[in-house]
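Below, each chain spelled out in residue letters.
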Amino acid sequence: MTHPSDPGPAPVLALKDISKSFGAVRALRDVSLELFPGEVHALAGENGAGKSTLIKTLAGVHRPDAGQVLLDGTPVVFHGPGDARDAGIAVIYQEPTLFPDLSIAENIFMGRQPRRALGRIDHKATHSATAALMRRLGVELDPDRPARGLSIADQQIVEIAKALSFDARVLIMDEPTAALTGSEVARLFGVVRTLREQGAAVLFISHRLEEIFQICQRVTTLRDGAWIASEPVEGMTEDDLVRRMVGRDLDELYPKQDVTAGEVALSVRRLTREGVFTDVSFEVRHGEIVGLAGLVGAGRTEVARAVFGIDRWDAGEVEVDGTILTNGAPSTAMAAGLALVPEDRRAQGLVMDMSIERNIGLTGLRTTVRAGFMDRGAERSRSLDWAVKLQVKYARIADTVNTLSGGNQQKVVLAKWLATGPRVLIVDEPTRGIDVGTKAEVHRLLSELAADGVAVLMISSDLPEILGMADRVLVMHEGRLAAEIPRSEATEETVMAAATGRAAA
Amino acid sequence: MADFSLSRAVRWDTVVGVLLIVVLLLSFGTVDGFGNALNLSFLIGNTLPIALIALPMTLLVVSGEIDLSVASTAGLSGAVMGALWNEGLTIEAIIPICLLLGVVCGLVNGLLVTRLGLPSLAVTIGTLAAYRGIAQIVLGSDAVTDFPTQYLDFAAGRIGDSFLPQAVLPFVVLLAIAVVVLHATPFGRATFAIGANEEAARFAGIRVKRQKLILFTVTGLMASLTGIFWALHYASARYDNATGLELSVIAAVLLGGIDFDGGKGTLGGAIAGVFLLGALQNVMSLQDVSAQSQIVVTGVLLVLSVLGPRVARQVALARASQRLT
């Protein structure tokens, strides 16, 4: 629908002055957004800025308290996700949920397969319709292949194909690249460009700023639930975008301080867990940040788990500040001054139904005790102390951690471990899935800890993070330590070469 | 986002406490013979075995495990007690032996669960049958009734002229200990953490297996103490003492708001659940409801008590989201 007064093409979908509150929390305040056909539009903002609420409003999950949703210029009210889908709006989530035992074609046409006489499913028609969708996307996937075993990237393609089969004109992609490898991202972007050329409007969310510059034409930024700007990407720099998102100039993302390394703090000698990792030896000194890089599955996390005592090792030795650790005993590792911030904060780092106070308190069950009883006063002040030091954003310390954003949850995990006063800190993917502002805070914190003499071992799949923060980089390849690279020689090329087994140690 | 309104929603253990008071008041008013001292002492005396085992069972379920063999352990303790008495041992020698036996029964359950990684539901269904079988081998179909009078009197006697059985005193002490352990010690805190997220507990340095082993062992000990009390209270040691008691214990604990999936609940709620079930059973007996029908009611209560807290949570959530939209 076009009005005579309209100068350019009309937006296919628009939000006008949308507000949405949950209790006392104002998730969105007077937010407006226009999506035009044939554009890829980025939605930028820190965790908790209101991106999820905005997406759910577009997808018909939430109904706004105020404001309008306009489809082709006409106000519409979505009563549920079904309404939004019928209006041609599809959401592609980070981790799609397909039926593993059904084929790709069956997943796409679930419940609405083409029929033959007597209501029998027309497999041939289903197959050819799916093949046509794949051709449209420029992707080669066999429609008859079962969904089980498909990579996350392929599963997303199936979801996109499914959206197209519903004649979706608006695709919302919520952090689609978070779990993809470089070449998978490139293919996904190919598909997105194809969709754009065919006239679809794509709303794209990613924490990786460089992707916004690669694929998007315009970007809308939210901060604390408020609309900040909608503008063309061309001519902007990453710094400009970060400033919009966090509302101030970001101190350096990698604030690494120069530190003279002290005595050896953590010594891992010929550690082996059969079939998982072999003959791993390294040292971390007080004041050092040592990066542990490698491809997913190279055995980095497994080494960390064994060192901390979660899994048993079959051979070798671990020493922390002169204490030889007991095999398979996290409590003795903790007593020796070791802390592990695990990779999966929801499953391993936190008890989601427990309060912030008690989650931090879990590592203090030996210290905040008086005459055998919990010393609640001591527990509270310990937890408050660290929650404040790490600037966790919460309403009440007694709130459960599942009310917090991802970045703040990660800060609670860090608080929980820093409260033990560790001499050696192992962090496994410390900034995965958290926004750029919090990421910089975590980096500053790690840098300060190292300056205070803590030995830090940092496992990360984020190569710029490793290169920006580490004094030395250890690289694992297929369960073995493949290389040790000093900061001066560490580049994306040298680390990746070792990680993929192209260079000898 | 709805969580902060949830914390203000009605807690299930409060619901059960209020329900208990309502049932008691109604029974006083409408059920003939409920309010007299003799009946009240029967009510409490018959409920004490459930209450005694409910103490460790609450901790065990909070930690995410369960023990179905408790009634069989109680029966085995009684049977061994009777057999040893027939052999001429003194009661002062027999009681420690029986308690030790309970420790062993609990330890076996705990080792099978923690060392072999078997689900406690399956393990304790097995030992439920095994312990009861051993009890029958030990005592056959005999009933031993001639225990020393001062012990029988203690187990069946009342405090002065009141309706309270003497055994209430030691129970109150044990209850206090259990409340403190679960709600005020690092051990209790760790128990909740294990039940809510065992992996996160392990990553926090909590010795999960050791803690579960302790809980199973204490449960065995308390079950055998209950078996001894049972034999003395009813002045009868038989291999089939306390048969089916595990059903009442678990129904009562779940009724009291202990989450079957672990990690949630209070001992206050569990004990309210125990006495609510006890009062209902007492009222049914007064109304000449048959024992079989009482088991049906207990079973239905068990199902309701798993459903109840969930429905309450759903209702609270729905109400919260209604307020929000």
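Residues numbered from 1 in each chain as written. Chains lettered and ligands numbered in written order. Predicted model: local features only at pLDDT ≥ 70, side-chain atom pairs only at ≥ 80, totals over all residues. Heavy atoms only, no water.

Asks: Explain the overall build of chain A to me, please; I cannot follow it from the model alone.
Replies: The helix and strand inventory of chain A stands at 17 helices and 22 strands. Against the compact-globule benchmark of 23 Å for 505 residues, chain A has a radius of gyration of 25 Å, which places it among compact chains. Its C-alpha atoms give chain A principal-axis dimensions of about 75 × 50 × 50 Å. Counting 57 positive and 69 negative side-chain charges, chain A places the averaged centre of each group 5 Å from the other. (Helix = DSSP H or I, 4+ residues; strand = E, 2+ residues; numbered from the N terminus. Rg over C-alpha atoms; globule rule 2.2 N^0.38 Å. Lys, Arg positive; Asp, Glu negative; His and termini not counted. Charge placed at Lys NZ, Arg CZ, Asp CG, Glu CD.)

Asks: Mind showing me how you'd approach the environment of Gly205(B) here?
Replies: Topologically, Gly205(B) is positioned in the loop between helix H10 (198-203) and helix H11 (208-233). Taking the relative accessible area as the measure of exposure, Gly205(B) reaches 2% and is therefore buried. Dropping the residues within four chain positions of it, Gly205(B) is found in contact with Pro330(A), Ser331(A), Met334(A) and Arg366(A). (Buried < 20%, exposed > 50% of the residue type's maximum accessible area, 1.4 Å probe, protein only. Contact = heavy atoms within 4.5 Å.)

Asks: Honestly, the pattern of salt bridges in this entry has me stumped. Any pointers?
Replies: Residues and elements named next belong to chain A. What the rule picks out here adds up to 28 salt bridges over all chains. Residues Glu231 and Arg244 are paired through a salt bridge, measuring 2.7 Å at the closest nitrogen-oxygen approach. One end of the pair, Glu231, is in strand S10 (residues 226-232); the other, Arg244, is in helix H8 (residues 238-246), and 13 residues separate them in sequence. One salt bridge in this structure joins Arg370 and Asp375, with 3.7 Å as the shortest N-O distance. According to the relative accessible area criterion, Arg370 is exposed, its value standing at 59%. The exposure class of Asp375 is buried, given its relative accessible area of 16%. A single network of salt bridges, built from pairs that share partners, joins Arg300, Glu343, Glu429 and Arg432. (Salt bridge = Lys/Arg side-chain N within 4 Å of Asp/Glu carboxyl O.)

Asks: Got a minute to help me understand empty space enclosed by the protein in this structure?
Replies: Over the atoms, a rolling probe the size of a water molecule traces out where space has been left empty. Evaluation of the coordinates by the stated rule reveals one cavity of 30 Å³ or more. If you add up the space inside the largest cavity, you get close to 40 Å³. Lining of the largest cavity is provided by Thr301(A), Arg305(A), Leu340(A), Pro342(A), Glu343(A), Gln348(A), Asp428(A) and Phe203(B). (1 Å grid on protein atoms, 1.4 Å probe; cavity = no way out; pocket = protein on both sides within 12 Å on 5 of 7 lines; lining within 4 Å. Points joined across faces, edges and corners; volume = space filled by probe spheres on them.)

Asks: Any chance you could explain the packing of helix H5 (residues 91-114) of chain B against H11(B) here in plain terms?
Replies: Residues and elements named next belong to chain B. The geometry of H5 relative to H11 is characterised by a closest axis approach of 7 Å and an angle of 145° between their N-to-C directions. The hand of the H5/H11 crossing is right-handed. In this structure, H5 contributes Ile95, Cys98, Leu99, Gly102, Val103, Gly106, Leu107, Asn109, Gly110, Leu111, Val113 and Thr114 to the contact, and H11 contributes Lys209, Lys212, Leu213, Phe216, Thr217, Gly220, Leu221, Ser224, Leu225 and Ile228. (Axes fitted to C-alpha atoms, helices over the stretch in contact; angles between N-to-C directions. Left-handed = near helix turned anticlockwise from the far one by under 90°.)

Asks: Before we go on, may I ask you to explain the interface of chain B and chain A in this structure?
Replies: Across the contact, 26 residues belong to chain B and 37 residues belong to chain A. With both chains or domains summed, chain B and chain A bury close to 2600 Å², and 60% of this area falls on carbon and sulfur atoms. Between chain B and chain A we count two salt bridges in total. Across the pair Asp353(A) and Lys264(B) runs a salt bridge, and its minimum N-O distance is 3.3 Å. Run the count over chain B and chain A and you get eight residue pairs in polar contact (both at pLDDT 80 or more). At the level of secondary structure, the elements contributing two or more residues to the side of chain B that touches chain A comprise helix H1 (3-6), helix H8 (168-184), helix H9 (186-196) and H10 of chain B. The biggest single contributor to the side of chain B that touches chain A is H9(B), with six residues. (Buried area = accessible area lost by both parts, 1.4 Å probe. Polar contact = N/O pair within 3.5 Å; in protein donor to acceptor, adjacent residues only side chain to side chain.)

Asks: Please explain the pairing of strand S3 (residues 40-44) of chain A as it appears in this structure.
Replies: A regular strand carries its side chains on alternate faces of the sheet. Residues and elements named next belong to chain A. Burial runs high along S3: five of the five residues are buried. What you see with S3 is no split at all: Val40, Ala42 and Ala44 on one side and His41 and Leu43 on the other are buried throughout. When S3 meets strand S9 (residues 218-223), the two strands line up parallel, connected through four bridges. Each bridged residue has a counterpart across the sheet, and for Leu43 the counterpart in S9 is Thr220. (Pairing = 2+ DSSP bridges.)

Asks: Even after reading the chapter, I still don't get the confidence of the model for chain A, so can you show me in this structure?
Replies: Regions with low pLDDT should not have their predicted coordinates read in detail. Considering every residue of chain A, the mean pLDDT works out to 89; 97% of them sit at 70 or more. When the criterion is pLDDT under 50, residues 1-7 of chain A qualifies, and its contacts beyond four places in sequence or with other chains add up to four contacts. (pLDDT = per-residue confidence, 0-100.)

Asks: Please explain unusual backbone geometry as it appears in this structure.
Replies: One non-glycine residue, Asp30(A), lies in the positive phi region at around 45°. Here Asp288(B), not a glycine, exhibits a phi torsion of approximately 60°, which is positive. In this structure, Asp288(B) sits in the loop between helix H13 (267-286) and helix H14 (291-324).

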